[in-house]
Amino acid sequence: MEQNKKSYGMRLGESFFCICYLIFLPVMGFILLRETFHDAKFVNLTDDFYRMAAFATFTLMLGDAFHLIPRVVSNIRGEGKKDEFFLGLGNLISSITMTVFYVLLYFAVYYASYPFYLDGVQDSLTSFYGLFRILIICLAVVRVALCCFPQNNWFRKEGNDKWSMIRNAPFLLLGLVMIVFLVLVYTKNANGELPLSFIPGSRYFFMAVLIFLSFAFYIPVILWGRKKPSLGMFMIPKTICYIILICLFH
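Note that the structure is a prediction, hence the values are computed from the model and not measured.

*Asks:* Help me out: how do you make sense of the side chain of His67 in this one?
*Replies:* Assignment of secondary structure puts His67 in helix α2 (residues 47-77). Judged by relative accessible area, His67 falls into the buried class, the value being 15%. Setting aside anything within four residues of it in sequence, one finds His67 in contact with Gly90, Asn91 and Ser94.

Here it is, written out as structure tokens:
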């Protein structure tokens, strides 16, 4: 009986965290979007950055809402047969939106660090940005396509461990590419190669560290989460990494 109470308390704590997170995302999204509202006669060079950062935040909110709301309902009232479908649908949608989030994150950093606003500046970084843009978009397309295969068994509780590994392989590579990209942008910023940067260079490095940590928490869940459901608690520090990452946008 004590164990059941403890388990229920853990479920309530997880649900409270999820609700706070789902409130935080739209609030932060609108704060970022508000930065683009200004008098048109003034040139605000950060508009594209804040707009893309807001879109990334709203995309994360959309996917996590489909994923977390059914989980909160299941935690509070107990898991039913219908919940299996909605939890699977939420996992599918959040897998896609999380992938799109990284594409939008790339473009946010691109607008924050790319000196194309300056007339007459020689574009010496085109190949640098172009290479990473191709890699990130290609990996994202492959990841989304793999998520759509019926072999994933999204709507069955047992899922498919083999396809979980297959669909997450390009996602892990996407995260690795983003980490390398952010570290290189940070290096270029620190060396003075970026004549115009909207956010301090140190933030690029912190973003890279947060993405690395988020995947470090995510990998054990992918590999052993079905055999050891308690590993699902690693998703909480993973989510905290995304909260801090979004805060770095502002």
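Once you've had a look at it, read on.
*Asks:* Explain the nonpolar core here, please?
*Replies:* Nonpolar side chains tend toward joint burial in soluble globular proteins. Ranked by size, the top nonpolar core spans 59 residues in total, and within it Phe101, Tyr102, Leu105, Tyr106, Met178, Phe181 and Ile211 carry the most contacts. Taken together, the elements giving at least two residues each to this core come down to α1 (2-34), α2, α3 (81-113), α4 (126-147), α5 (161-190), α6 (201-224) and α7 (235-247). In contact with Phe101, other than residues within four places in its own chain, are Ala56, Thr59, Leu60, Tyr242 and Leu245.

*Asks:* Explain the packing of aromatic side chains here, please?
*Replies:* Two numbers describe a pair of aromatic rings. These are the distance of the centres and the angle of the planes. Going through the model one piece at a time under the given rule, you end up with 23 aromatic pairs. Measuring from centroid to centroid gives 5.9 Å for Tyr102 and Phe215, while their planes differ by 35°, and the two rings are tilted. Linking Tyr102 in helix α3 with Phe215 in helix α6, this pair joins segments that are 113 residues apart in sequence. Residue Tyr102 is classed as buried on the basis of its relative accessible area of 0%. Overall, Phe215 belongs to the buried group, its relative accessible area being 7%. Taken together, the aromatic side chains of Phe101, Tyr102, Phe171, Phe215, Tyr218 and Tyr242 make up a single cluster linked through ring pairs. Here Arg133 stacks its cationic end above the ring of Tyr110, 5.1 Å away from the centre of that ring. Against the face of Phe171 rests Arg143, its NZ or CZ located 4.3 Å from the ring centre.

The rules behind these values
Residues numbered from 1 in each chain as written. Predicted model: local features only at pLDDT ≥ 70, side-chain atom pairs only at ≥ 80, totals over all residues. Heavy atoms only, no water. Helix = DSSP H or I, 4+ residues; strand = E, 2+ residues; numbered from the N terminus. Buried < 20%, exposed > 50% of the residue type's maximum accessible area, 1.4 Å probe, protein only. Contact = heavy atoms within 4.5 Å. Core = buried A, V, L, I, M, F, W, Y, C linked by side-chain atoms within 4.5 Å. Phe/Tyr/Trp six-rings, centres within 6.5 Å; stacked < 30°, edge-to-face > 60°. Lys NZ or Arg CZ within 6 Å of the ring centre and 35° of its normal.

Structural measurements only, silent on function.
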